[in-house]
Amino acid sequence: MNQPVGRFAPSPSGRMHLGNLFCSLLAWCSVRSQGGRMILRHEDLDKPRCPVEYARQLEEDLRWLGLDWDEGGLNPDGSLSAYCQSQRTSLYQQALEELERKGLLYPCTCTRAQLQVASAPHREDGTPIYPGNCRKGGIAPDRPAAQRIKVDGQTIRVQDGHMGEICQHLPTECGDFVLRRSDGVFAYQLAVVVDDALMGVNQVVRGADLLDSTPRQVFLYHQLGYEPPQFYHLPLLLAADGRRLAKRDKDVNLEQLKNCYTPEEIVGRLAYLAGQQSSIQPLRAAELAQKFDWSKVPQNDICIPDKMFKIG
Ligand code: GLU
């Protein structure tokens, strides 16, 4: 394979929690262990939730942990750059127009309430599978329309570098999906594909919460004429009680961690959880990259032991 090109693709909507750190660290180690290049892209499409100060803090936090990148991030003066999704909407618009020319899109004015009919089939994450109402025409002319893409007959198979084969029949397991919301904001699914393709990313390492999105993204790669990257999905880190970590729950985040631990102590703990060392020893990120081994990373979600990170 060509030289790996990986990326950090954080959403700067708050301080990173342990799950975000885990993904960033392992994405970086995977690429660096193979002599590859790393790009930093801020996924700030949801602009009001992603003020630029958060992106600045995020860069400082990544550096503090010992991670670096060869390309991307904010401008040197700390302002938004061409590696911030909020600045790239004309590229998403072009991709949308290309799909439109291929006759793959249609407008949809269904409201959330219309779609949340309890009897309708739902995806694993609880979102309803779109029943195709607006495909037949008859959209509400007085309501702003979202743009959906048709997924007719598509079964997508993806060979994940860590999790093995993922297979999804898009019409029954996903349905026609939104590429631009009715408020004009481009969907993550479209933006991430356009960006990774245009930035030459050929290795995507991210949390298993995005496994379910991967077939949709591979479908978009094909429709836009791009080669999909090699995906590697990581097990999720869960709180000691088995709960998913979330920024909004103020889960153990770097603000608290930085007061109690050195970067080597945090990296050492995350490396232990990732199966890369058999006891909790402090470790520099660069040392972890040298011995990083995908085959030792667990596949199942990982509960963070209760006393592993004591704050305060
Ligand atoms: N921006 C997404 C997140 O922070 C990651 C997207 C991706 O890796 O594809 O969850």
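Everything numeric in this text was worked out from a predicted model, so none of it was measured.

Reading guide: rules and limits
- Residues numbered from 1 in each chain as written.
- Predicted model: local features only at pLDDT ≥ 70, side-chain atom pairs only at ≥ 80, totals over all residues.
- Heavy atoms only, no water.
- Near = heavy atom within 4 Å.
- Polar contact = N/O pair within 3.5 Å; in protein donor to acceptor, adjacent residues only side chain to side chain.
- Areas by Shrake-Rupley, 256 points an atom, 1.4 Å probe, with all protein chains shown as cover.
- Nonpolar A, V, L, I, M, F, W, Y, C, P; charged D, E, K, R; others polar.
- UniProt positions renumbered as here; feature names shortened; annotations may be inferred.
- Helix = DSSP H or I, 4+ residues; strand = E, 2+ residues; numbered from the N terminus.
- Buried < 20%, exposed > 50% of the residue type's maximum accessible area, 1.4 Å probe, protein only.
- Contact = heavy atoms within 4.5 Å.
- Pairing = 2+ DSSP bridges.
- Axes fitted to C-alpha atoms, helices over the stretch in contact; angles between N-to-C directions.
- Parallel < 35°, antiparallel > 145°, perpendicular 65-115°, else oblique.
- Salt bridge = Lys/Arg side-chain N within 4 Å of Asp/Glu carboxyl O.
- Expected span 1.5 Å × (residues − 1).
- Phe/Tyr/Trp six-rings, centres within 6.5 Å; stacked < 30°, edge-to-face > 60°.

A. Structural detail: the site of the ligand. Neighbouring the ligand are Arg 7, Ala 9, Pro 10, Ser 11, Glu 43, Tyr 188, Val 192, Arg 206 and Leu 210. Within the contact set of the ligand, an oxygen atom lies 2.7 Å away from a side-chain nitrogen or oxygen of Arg 7. At 2.9 Å, a side-chain N or O of Ser 11 approaches a nitrogen atom of the ligand. Relative to its unbound accessible surface of 300 Å², the ligand loses 77% to contact with the protein. When its residues are assigned to classes, the shell around the ligand shows five nonpolar, one polar and three charged.

B. Layout of the UniProt feature "binding site: L-glutamate" (unreviewed entry) in the protein chain. UniProt records the feature "binding site: L-glutamate" (unreviewed entry) for Arg 7, Phe 8, Ala 9, Pro 10, Ser 11, Glu 43, Tyr 188 and Arg 206 in the present numbering. Looking at where Arg 7 falls in the secondary structure, it is placed in strand β1 (residues 5-8). Overall, Arg 7 belongs to the buried group, its relative accessible area being 6%. Excluding residues within four positions of it along the chain, Arg 7 makes contact with Ala 27, Met 38, Ile 39, Arg 41, Val 192, Asp 196, Val 201, Gln 203, Val 204 and Arg 206. Polar side-chain contacts of Arg 7 include one of 2.9 Å to the side chain of Asp 196. Examined against the element boundaries, Tyr 188 turns out to sit in helix α6 (residues 188-198). Assessed through its relative accessible area of 27%, Tyr 188 is described here as partly exposed. Non-local contacts of Tyr 188, meaning those with residues more than four positions away in its chain, are made with Glu 43, Leu 45, Arg 206, Leu 210, Ser 213 and Gln 217.

C. A look at the sheet that holds strand β5 (residues 146-149). Read from one edge to the other, the open sheet built from three strands follows the order β4-β5-β8, with strand pairing classed as antiparallel. Only two strands of the sheet have a single partner each, and these edge strands are β4 (105-108) and β8 (177-180). Put simply, the sheet's adjacent strands are angled 45° from each other on average, direction ignored. Pairing between β4 and β5: four bridges, direction antiparallel. Residue Tyr 106 lies in a different strand from β5, and its bridge partner there is Arg 148. On top of the sheet, helix α3 (residues 89-101) reaches β4, β5 and β8; it is set at about 130° to β8, its chief contact.

D. Representation of the packing of α3 against helix α7 (residues 214-224) within the structure. For the pair α3 and α7, interaxial distance at closest approach is 10 Å and the crossing angle is 75°. By the angle between their directions, the pair α3 and α7 is classed as roughly perpendicular. The segment α3 lies against α7, with Ala 95, Glu 98 and Leu 99 engaging Leu 220, Gln 223 and Leu 224. A breakdown of the residues in the contact of α3 with α7 according to their chemical character gives four nonpolar, one polar and one charged.

E. Structural view of the pattern of salt bridges. Scanning the model with the defined rule gives 20 salt bridges in all. Of the charged contacts, one joins Lys 47 and Asp 44 as a salt bridge, the two residues approaching to 4.0 Å between their closest N and O atoms. The closest approach of N and O atoms between Asp 183 and Arg 181, which form a salt bridge, is 2.7 Å. It is possible to trace a salt-bridge network through shared partners that takes in Arg 7, Arg 41, Glu 43, Arg 88, Asp 195 and Asp 196.

F. Inspection of the pairing of strand β9 (residues 203-207) at higher detail. Among the five residues of β9, five are classified as buried, and the element is accordingly described as predominantly covered. As paired strands, β9 and strand β10 (residues 230-234) are joined by five bridges and run parallel to one another. Residue pairing in the sheet places Val 204 in a bridge with Phe 231 of β10.

G. The arrangement of helix α1 (residues 18-33) in detail. In this model α1 runs 22 Å from its N-terminal to its C-terminal C-alpha over 16 residues, within 8% of the 22 Å that 1.5 Å per residue would give. Judged by how many residues are buried, α1 sits mostly within the fold: twelve of 16 residues are covered. Gly 35 sits one or two residues past α1 and shows a positive phi near 70°.

H. Structural view of the packing of aromatic side chains. Going through the model one piece at a time under the given rule, you end up with six aromatic pairs. Each ring, one from Phe 8 and one from Trp 69, has its centre 6.3 Å from the other, and the planes form 90°; the classification is edge-to-face. Of this pair, Phe 8 sits in strand β1 while Trp 69 sits in the loop between α2 (52-65) and β3 (71-72), placing them 61 residues apart in sequence. Accessibility expressed as a relative area gives 15% for Trp 69, which makes it buried. Note on Tyr 261 and Phe 309: the rings are 5.8 Å apart at their centroids and 80° apart in plane angle, and the pair reads as edge-to-face. In this pair, Tyr 261 is assigned in the loop between α8 (254-260) and α9 (263-273) and Phe 309 in the segment after β12 (302-303), connecting sequence segments 48 residues apart.

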